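What the coordinates show
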Amino acid sequence: MASRLPIRETVGMALSTLNTNRLRSFLTMLGIVIGNASVITLVGVGKGAQNLAEGQLSSLGANVLFVVPGRNDTRRQGIESPKTLVFEDAKAIEEQVPTVRRVAPQITLSEVVQSGSLSASTTVTGVTPEFLTVRSYEVAQGRFLSASDLEGVRNVVVIGPDLKDKLMPTGSALGRQLRIRDQSFEVIGVLEPKGAVFGSNQDETAYVPLTTMVSRLSGRDPLYGVVLSFISVEAIDEASTGAASFQITNLLRQRHRILREDDFAVRSQKDAQQIVGTITGGLTLMLAAIGAVSLLVGGIGIMNIMLVSVSERTEEIGLRKALGARSGDVLLQFLVESLVLAALGGVIGSAVGVGTVALVAALTPLPAAIEAGTVLGTVLLSGSIGLVFGVLPARRAAQLDPIVALRSL
């Protein structure tokens, strides 16, 4: 019985055959190239979306909690939040919760603000001086709101950098007048850029004293008093956020005399990150699955072309077997050809995908990224697809009867 061909010779013959039909080989592995590039690009973009969301959430502060009004069903359905949080709740949290360092209540309105002939629709927020520290903002020019501004109910405003560029594109904003409704406010400070969170640009917001907001803009509810949009709470440290959330929940349940479902919710940055991670992780998985379909189609393409190749090379196979080649040698040659097509397509597709991810990261705000392990995994997956879909053509070639194959010569 003839001895098996050395693996090096078998690989050399497979590469030589593919090189002889370079155009067909390239078109065959094009499906794998597209599939690999799609998987890496979509996973990279999905990872970039997750990184962007986490980066935005990190700007809120690691040990910051948010107390928001309304039951879960009203928030899910987009119903206007009921008036369940008032200024006295914020004072109670500050005075009675030992794991809390600072409390920053706020009232938020959507208003049109004007400066001279320029105007912009933006968010006007009534806050206290603690807001600056709790939410980790920094002042670029001037100063932030002070206790005396609240006590004196002064018409002063601190604006974000984007709002400054819209309304006061030239010169300093300090000392200039900003009109909100029928009230004139003096600009006393401009904040450092903070970025956007969930599509809301924090740099376009105008901040006024909470007392001024209540007296001149939002008003006081005759039944509930000073109604808050939400309360930002700074825990003593990150490890205390769980205890702070528990204590705040118990306190507000007592204050609101709640027996069943809460009419408020306490949320942390970690909660938001978990929700965002679940959503973006599912989205990335779905996008990767879509790209994997392209890989599957590419594998089917390899199998079809290899079947055609078996038919075209019947004489060659018969001659090799007549000269002593074993069925295993023929099987291995065709498997190697399929593997090379798929693996080479995977390498090219991975390079295209990595380049696309880098381009997205460079040209868009999305911090798209791809890990080396993911790239290696897709290349290995491509090679596996080549082996799996190359088995049928290889078996067919190996099982050819040399006498029948040589009849066509």
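Remember, predicted model here, so these are calculated numbers, not experimental data.

Let us look at the pairing of strand 6 (residues 177-180). Side chains Leu178 and Ile180 project from strand 6 onto a buried face, and the interleaved Gln177 and Arg179 project onto a face without burial. As paired strands, strand 2 (residues 100-115) and strand 6 are joined by two bridges and run antiparallel to one another. In the sheet register, Val113 faces strand 6, and the bridge partner there is Ile180.

What follows deals with the packing of aromatic side chains. Using the criterion set out here, one finds six aromatic pairs in the structure. Aromatic side chains Phe131 and Tyr137 sit 5.3 Å apart centroid to centroid with 35° between the ring planes, which places their arrangement in the tilted category. Ring geometry for Tyr137 versus Tyr207: centroids 6.0 Å apart, planes at 70°, classification edge-to-face. Of this pair, Tyr137 sits in the loop between helix 5 (130-134) and strand 4 (139-142) while Tyr207 sits in strand 10 (residues 206-209), and the two are 70 residues apart along the sequence. Considered together, Tyr137 and Tyr207 belong to a single accessibility category, that of buried residues. Here the aromatic cluster, defined as three or more aromatic residues joined through ring pairs, consists of Phe131, Tyr137, Phe144 and Tyr207.

Once that is clear, we can look at the pattern of salt bridges. Per the stated rule, a full pass over the model turns up eight salt bridges. When the shortest N-O distance is used, the salt bridge between Asp89 and Arg255 registers 2.7 Å. Of this pair, Asp89 sits in helix 4 (residues 87-96) while Arg255 sits in helix 9 (residues 241-255); the two residues are 166 residues apart in sequence, bridging distant segments of the chain. The salt bridge involving Arg253 is made with Asp262; its shortest N-O contact spans 2.2 Å. Under the relative-accessibility criterion, Arg253 is labelled partly exposed at 23%. If you follow the salt bridges from partner to partner, you end up with Arg101, Arg102 and Glu234 in one network.

The phi angle at Arg181 is positive, at roughly 55°, despite the residue not being glycine. Tracing the chain through its elements places Arg181 in the loop between strand 6 and strand 7 (183-191). By relative accessible area, which is 43% here, Arg181 ends up partly exposed. At Arg257, a residue that is not glycine, the phi angle is positive and equals roughly 55°. Tracing the sequence through the fold places Arg257 in the loop between helix 9 and strand 12 (264-268).

Turning to helix 4, its buried residues number three or more, namely Asp89, Ala90, Ala92 and Ile93. Taken end-on, helix 4 shows its buried residues confined to a sector of 160°, consistent with a single buried face. Against the buried residues of helix 4 lie strand 1 (64-69), strand 2, strand 11 (230-235) and helix 9.

Residues at a pLDDT of 70 or more form 85% of the protein, whose mean pLDDT is 82. This stretch, residues 74-79, has a pLDDT under 50; its non-local contacts, to residues over four places away or in other chains, come to eight contacts.

Regular strands show a simple pattern: their side chains alternate between the two faces of the sheet. Buried residues dominate strand 1, accounting for five of its six residues. Where strand 1 and strand 11 come together, four bridges link them in antiparallel fashion. Bridge pairing in strand 11 places Phe66 opposite Ser232. With five bridges joining them, strand 1 and strand 12 adopt antiparallel strand pairing.

Once that is clear, we can look at the side chain of Lys194. When you line up the elements, Lys194 lands in the loop between strand 7 and strand 8 (196-197). One buried charged residue, Lys194, remains without a salt bridge, the closest side chain of opposite sign being Glu138 at 7.9 Å. A polar atom in the side chain of Lys194 sits 3.0 Å from the backbone oxygen of Ser136.

Next up on the list: the nonpolar core. Within the largest apolar cluster, 42 residues are counted, with the highest numbers of intra-cluster contacts made by Val67, Ile93, Ile159, Ile231 and Ile248. When near neighbours in sequence (up to four residues on either side) are disregarded, Ile248 contacts Leu65, Val67, Ile93, Val97, Val100, Val233 and Val266.

Compared with an ideal rise of 1.5 Å per residue, which puts 15 residues at 21 Å, helix 9 spans 21 Å between its outermost C-alpha atoms and is within 8% of the ideal. Buried within helix 9 are the following residues: Thr241, Ala244, Ser245, Ile248, Thr249, Leu251 and Leu252. Of the surrounding secondary structure, the elements contacted by the buried residues of helix 9 are strand 1, helix 4, strand 2, strand 11 and strand 12. Once helix 9 ends, the next one or two residues include Arg257, with phi positive near 55°.

Running from N to C, helix 4 and helix 9 cross one another at 135°; their axes reach a closest spacing of 10 Å. Considering the angle they form, helix 4 stands oblique to helix 9. Here helix 4 runs over helix 9; the crossing is right-handed. Contacts from Glu88, Asp89, Ala92, Ile93 and Gln96 in helix 4 reach Ile248, Leu251, Leu252 and Arg255 in helix 9. Residues of the contact of helix 4 with helix 9, tallied by class, amount to five nonpolar, one polar and three charged.

Cut-offs applied
- Residues numbered from 1 in each chain as written.
- Predicted model: local features only at pLDDT ≥ 70, side-chain atom pairs only at ≥ 80, totals over all residues.
- Heavy atoms only, no water.
- Buried < 20%, exposed > 50% of the residue type's maximum accessible area, 1.4 Å probe, protein only.
- Helix = DSSP H or I, 4+ residues; strand = E, 2+ residues; numbered from the N terminus.
- Pairing = 2+ DSSP bridges.
- Phe/Tyr/Trp six-rings, centres within 6.5 Å; stacked < 30°, edge-to-face > 60°.
- Salt bridge = Lys/Arg side-chain N within 4 Å of Asp/Glu carboxyl O.
- Arc of directions from axis to C-beta.
- Contact = heavy atoms within 4.5 Å.
- pLDDT = per-residue confidence, 0-100.
- Lys, Arg positive; Asp, Glu negative; His and termini not counted.
- Polar contact = N/O pair within 3.5 Å; in protein donor to acceptor, adjacent residues only side chain to side chain.
- Core = buried A, V, L, I, M, F, W, Y, C linked by side-chain atoms within 4.5 Å.
- Expected span 1.5 Å × (residues − 1).
- Axes fitted to C-alpha atoms, helices over the stretch in contact; angles between N-to-C directions.
- Parallel < 35°, antiparallel > 145°, perpendicular 65-115°, else oblique.
- Left-handed = near helix turned anticlockwise from the far one by under 90°.
- Nonpolar A, V, L, I, M, F, W, Y, C, P; charged D, E, K, R; others polar.

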